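# Observations on chain architecture
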Amino acid sequence: MSRALLYTILGCALVPLNALAVWEYPALAQLALFDAVERRCGSFDPATFRREYEKMLVVFTEEERSAIPTIRQSAGYRELLTEANNDLAKQIAAAGEGGEAIVCKRMIEEF
């Protein structure tokens, strides 16, 4: 059996497992994404952002929650935050007129 065929069979066999997987991002990435969306879209629905922030904190371990101030000061966080801000700006620009409202509404629904 060729390698390509073997990889295809294994890939197809693992697809159901992959579909059921819960992909968790590290606290650094979650905070950066949340903060970027909150800064750009927080004024659209502040109550929802407060609720989602509380939900996010519940998912974090006690160690991660206590490290949040340190995480927000790290270079990795700033880099991810910059990337998330740039990505949001591109999405808003691509959405055209009223793009900020459209993108922010979608992002709020995804939280």
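To keep things clear, this report deals only with the structure shown in the data block.

Reading the values: the criteria
Residues numbered from 1 in each chain as written. Predicted model: local features only at pLDDT ≥ 70, side-chain atom pairs only at ≥ 80, totals over all residues. Heavy atoms only, no water. Helix = DSSP H or I, 4+ residues; strand = E, 2+ residues; numbered from the N terminus. Buried < 20%, exposed > 50% of the residue type's maximum accessible area, 1.4 Å probe, protein only. Contact = heavy atoms within 4.5 Å. Areas by Shrake-Rupley, 256 points an atom, 1.4 Å probe, with all protein chains shown as cover. Disulfide = S-S within 2.5 Å.

### Describing the overall build of the protein chain
A tally of helices and strands in the protein chain yields seven helices and zero strands. Across the protein chain, helices and strands are ordered from the amino to the carboxyl terminus as α-α-α-α-α-α-α. For the protein chain, buried positions account for 24% of its 111 residues. Considering only contacts within the protein chain whose residues lie at least 6 apart along the sequence, 65% involve residues at least 24 apart. Counting only carbon and sulfur atoms, one obtains 60% of the accessible surface of the protein chain, whose full area is about 7,900 Å².

### What about the state of the cysteines?
Per the counting criterion, the structure on display carries one disulfide. Two residues share a disulfide in this structure: C41 and C104, whose sulfurs sit 2.0 Å from each other. Residues C41 and C104 are joined by a disulfide whose S-S torsion is about -70°; by sign, that bridge is left-handed. Of the two residues, C41 is situated in helix α2 (residues 27–41) and C104 in helix α7 (residues 99–110); the sequence distance between them amounts to 63 residues. Neither C41 nor C104 differs from the other in exposure class; each is buried.

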